[in-house]
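Below, each chain spelled out in residue letters.
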Amino acid sequence: MKEKELELLEILESHGRIEIETLAKMLNMSVNEVSEMKKSLEQSQVIQGYSTVIDWSKVLDHGDITAMIDVKVTPKRGVGFDQTAERIYRHSEVKSVYLMSGTYDLSVTVEGKSMSDISNFVAEKLSTLDSVISTTTHFILKKYKHDGVIFEEKSKDKRMVVSP
């Protein structure tokens, strides 16, 4: 991969909505060159998509619950963990699946309308897979930082005042 492509990817990772003209200036390239490079990276699926980080706790009537589930799996001959991971990530409530080192094999992030929804997903869809040995579910109570974005950062100038 070329140095300019790496530079472009690093910029886009933290500023996905940056204007192409600004990118061209930052990379010291023409708008057409940057546009073609970006298009090529999208077509080769190096760039998988663009996302926006939203603090859903500030949106009225949006009460989704998020859970991170540790999954211990028996790998299958010839496919390892891939087949089980694919069966898991095909479910609409699953937001991410990662192969992990350590005590558990897969880390699965799931969203539901309630803890009961997530509990049902684990009991009916996840735990019933042949290769799943065990699961441990962790419910997210509050997000402080997500994808590099700090939520509700406290001002450094605010100080706690204690009355005598």
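As the structure is a computational prediction, the values presented were derived from the model and not from experiment. (Residues numbered from 1 in each chain as written. Predicted model: local features only at pLDDT ≥ 70, side-chain atom pairs only at ≥ 80, totals over all residues. Heavy atoms only, no water.)

(A) Seen up close, the packing of helix H1 (residues 3-14) against helix H3 (residues 31-43). One can describe the packing of H1 onto H3 by two numbers: an axis separation of 11 Å at closest approach and a directional angle of 80 degrees. Comparing their axes, H3 and H1 come out roughly perpendicular. Two secondary-structure elements touch here, H1 through Lys 4, Glu 5, Leu 8, Leu 9 and Leu 12 and H3 through Val 34, Met 37, Lys 38 and Leu 41. Grouping the constituent residues of the contact of H1 with H3 by class yields six nonpolar, no polar and three charged. (Axes fitted to C-alpha atoms, helices over the stretch in contact; angles between N-to-C directions. Helix = DSSP H or I, 4+ residues; strand = E, 2+ residues; numbered from the N terminus. Parallel < 35°, antiparallel > 145°, perpendicular 65-115°, else oblique. Contact = heavy atoms within 4.5 Å. Nonpolar A, V, L, I, M, F, W, Y, C, P; charged D, E, K, R; others polar.)

(B) Spotlight on the sheet that holds strand E2 (residues 94-99). The four strands are arranged E2-E3-E1-E4 in an open sheet whose pairing can be described as antiparallel. Strand pairing shows two members of the sheet lacking a second neighbour, E2 and strand E4 (132-139), which therefore form its edges. On average, adjacent strands in this sheet sit at an angle of 20 degrees to one another, irrespective of strand direction. With seven bridges connecting them, strand E1 (residues 65-73) and E4 associate as antiparallel partners. (Pairing = 2+ DSSP bridges.)

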